[in-house]
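# Architecture and fold: a report
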Amino acid sequence: MPTDTFDLLPHAAPTTDAIREDILANPGFGQYFTDHMAHVRWTLNDGWHGHRVLPYGPLTLDPAAAVLHYAQEIFEGIKAYRHADGSIWTFRPEKNAERFRRSARRLALPELSDADFIGSIKALLAQDHPWVPTPKNEADECSLYLRPFMIASESFLGVRPSHEVDYYVIASPAAAYFKGGIEPVSIWLTEHYKRAAPGGTGFAKCGGNYASSLAAQKEASANGCGQVAFLDAVENKWIEELGGMNLFFVYKDGRIATPRLTDTILEGVTRDSVLTLARDEGLTPEERPISIDEWREGAANGEITEVFACGTAAVITPVGELVSEQERIRLAGDNGNPIAKRLRAKLLDLQYGRAEDTHGWLTRLV
Ligand code: COI
């Protein structure tokens, strides 16, 4: 879908350069939004239509809109990066587009074509490219975080897939997701809650998964932790993922393991990229079940030398400790997380155009 198939309704009073520069100097995460948003509408009779870019602003939804009652909703997270020559790129958007289609199928929403998914991002960036921050140095992970999402907008209280759906992309300038940057985060292991069960929606990126993680996230915050870790719902034994990130374990013999994908784990684009970059670095990646006992024992006997979280928002962030009501699991030695740092630098160098894109992962937006 070329950019020009999106009709433009320009913002009448866009943010001034001075205010935007002020925001970009210290954007935080998810607090500020650009001047426009992309929108495509779907109806049962007409399919996808009405592609446009319009001023960012509140949506008008009927109080009976299905999404407000039955949470028929999906979203994505993807970033735009400014390179040193001013050009703007995104990272593996076809992976997000594919996952968005997979999520749509699970939530009984219509599938959006990859061309519309990537086209909507290009169309939005054609207007809002001044909002993509310029990194100050090689450790700076500032970007424009893009949030495509799809909602069931039909006014109808019967429980069935909506006959009317709206797709939007909004954009928010972003610095590091965790306030401490790449300082190791503490993770809370919840003993009361599960994120996903077999046959459920765990593999889909739907708002409901995140809503159901919030009570556990509240426990995490109350215990001084930045994220929550979930165990599987059947045996209460296998590590699945964090509230919004995948987990990796580095072993002293050069293996690097992450829980294998099941229908209860979200297939992260960063997770997949880390598996490839780890192999490039001479490490031995493994996707397999990893138990909480393995974490506990490997941390104590020094077999596990690093643990890190990864995701589009968090990039790669070392995990300092796992805390629960019963225990505190810390790695036997603190080696400064060299593998996490190396992989993180490799990933950022690729995303910001400082390293050759040997895997063909970048797509130019502007
Ligand atoms: C992402 O990394 O894009 C996420 O989805 C995590 C969170 C901000 C929802």
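Keep in mind that this is a model prediction, so the values were computed, not measured.

Taken together, Leu59, Leu61 and Leu68 make up a surface patch of nonpolar side chains, about 230 Å² in accessible area. Judged by relative accessible area, Leu68 falls into the exposed class, the value being 52%.

With that settled, consider helix H4 (residues 114-128). Compared with an ideal rise of 1.5 Å per residue, which puts 15 residues at 21 Å, H4 spans 21 Å between its outermost C-alpha atoms and is within 8% of the ideal. Within the span of H4, buried status applies to Asp116, Phe117, Ile118, Gly119, Ser120, Ile121, Ala123, Leu124, Leu125 and Asp128.

Tallied over the entire structure, the rule returns 12 aromatic pairs. Geometrically, the ring pair formed by Phe29 and Tyr177 is edge-to-face, given 4.8 Å between the ring centres and 80° between the ring planes. In this pair, Phe29 is assigned in the loop between helix H1 (17-25) and strand S2 (36-43) and Tyr177 in the loop between strand S8 (164-174) and strand S9 (185-189), connecting sequence segments 148 residues apart. Directly above the ring of Tyr251 sits Arg255, whose terminal nitrogen or CZ lies 4.5 Å from the centroid.

Let's shift gears to the site of the ligand. The environment of the ligand is made up of Gly77, Tyr145, Arg147, Tyr177, Lys205, Tyr210, Gly244, Gly311, Thr312 and Ala313. Here an oxygen atom of the ligand and a side-chain polar atom of Tyr145 are 2.6 Å apart. Within the contact set of the ligand, an oxygen atom lies 3.2 Å away from a backbone nitrogen or oxygen of Thr312. Classifying every residue of the shell around the ligand gives four nonpolar, four polar and two charged. Here the shell around the ligand gathers at least three residues from each of two domains, domain 1 (3-175) and domain 2 (185-351).

What follows is about the packing of helix H3 (residues 93-106) against H4. One way to put it is that H3 packs onto H4 with a least axis distance of 9 Å and a crossing angle of 125°. When the axis of H3 is compared with that of H4, the two are oblique. In this structure, H3 meets H4 at a crossing whose hand is right-handed. Counting all contacts with H3, which are made through Pro93, Glu94, Asn96, Ala97, Glu98, Phe100 and Arg101, the residues of H4 involved are Asp114, Phe117 and Ile118. Among the residues making up the contact of H3 with H4, the classes are represented as five nonpolar, one polar and four charged.

Relative to the elements of secondary structure, Ser143 occurs in strand S7 (residues 143-152). Apart from the residues within four sequence positions on either side, Ser143 is in contact with Lys79, Ala80, Tyr81, Pro133, Ser172, Pro173, Ala174 and Tyr352.

A few words now on the pairing of S7. Consecutive side chains of a regular strand alternate in pointing toward one face of the sheet and then the other. For S7, the tally of buried residues reaches nine of 10 residues, placing the bulk of the element in the interior. In terms of strand pairing, strand S4 (residues 73-75) meets S7 through three bridges, oriented antiparallel. From the neighbouring strand, Glu73 faces S7, where its bridge partner is Ile151. For strand S5 (residues 78-82) and S7, the ladder comprises three bridges, and the chain directions are antiparallel. Its bridge partner lying in S7, Ala80 is registered against Leu144. Bridging between S7 and S8 involves 10 bridges; their strand directions are antiparallel. In the strand pairing of S8, Ser143 is matched with Ala174.

What follows covers the nonpolar core. Core analysis: the biggest nonpolar cluster contains 36 residues, and Leu125, Leu146, Met150 and Tyr167 have the highest contact counts within it. Among the elements of the structure, H1, S2, strand S3 (47-55), S5, H3, H4, S7 and S8 are those that each provide at least two residues to this core. With sequence-adjacent residues up to four places away left out, Met150 is seen in contact with Trp48, Gln72, Glu73, Ile74, Phe100, Leu109, Pro110, Leu112, Val165, Asp166 and Tyr167. Phe178, Met245, Tyr251 and Trp295 belong to the second-largest nonpolar core, a separate cluster that totals 25 residues.

Here we come to the domain arrangement of the protein. Here the domain parsing of the protein yields domain 1 (3-175) and domain 2 (185-351). Computed from C-alpha atoms alone, the centre-to-centre distance between domain 1 and domain 2 is 27 Å. Together, the buried faces of domain 1 and domain 2 total about 2100 Å²; carbon and sulfur atoms form 55% of this surface. Contact with domain 2 buries surface across domain 1, with Phe91, Arg99 and Arg106 losing the most and accounting together for 28% of the total. There are five salt bridges connecting domain 1 and domain 2. Joining domain 1 to domain 2, the criterion identifies 14 residue pairs in polar contact (both at pLDDT 80 or more). For the side of domain 1 that touches domain 2, the secondary-structure elements that each account for two or more residues are S4, S5 and H3. The element contributing the most residues to the side of domain 1 that touches domain 2 is H3, with six residues.

Analysis parameters
Residues numbered from 1 in each chain as written. Predicted model: local features only at pLDDT ≥ 70, side-chain atom pairs only at ≥ 80, totals over all residues. Heavy atoms only, no water. Patch = residues over 30% accessible without salt bridge, like charges linked within 9 Å, V, L, I, M, F, W, Y side chains within 5 Å. Areas by Shrake-Rupley, 256 points an atom, 1.4 Å probe, with all protein chains shown as cover. Salt bridge = Lys/Arg side-chain N within 4 Å of Asp/Glu carboxyl O. Buried < 20%, exposed > 50% of the residue type's maximum accessible area, 1.4 Å probe, protein only. Helix = DSSP H or I, 4+ residues; strand = E, 2+ residues; numbered from the N terminus. Expected span 1.5 Å × (residues − 1). Phe/Tyr/Trp six-rings, centres within 6.5 Å; stacked < 30°, edge-to-face > 60°. Lys NZ or Arg CZ within 6 Å of the ring centre and 35° of its normal. Near = heavy atom within 4 Å. Polar contact = N/O pair within 3.5 Å; in protein donor to acceptor, adjacent residues only side chain to side chain. Nonpolar A, V, L, I, M, F, W, Y, C, P; charged D, E, K, R; others polar. Domains from an automatic or database assignment. Axes fitted to C-alpha atoms, helices over the stretch in contact; angles between N-to-C directions. Parallel < 35°, antiparallel > 145°, perpendicular 65-115°, else oblique. Left-handed = near helix turned anticlockwise from the far one by under 90°. Contact = heavy atoms within 4.5 Å. Pairing = 2+ DSSP bridges. Core = buried A, V, L, I, M, F, W, Y, C linked by side-chain atoms within 4.5 Å. Buried area = accessible area lost by both parts, 1.4 Å probe.

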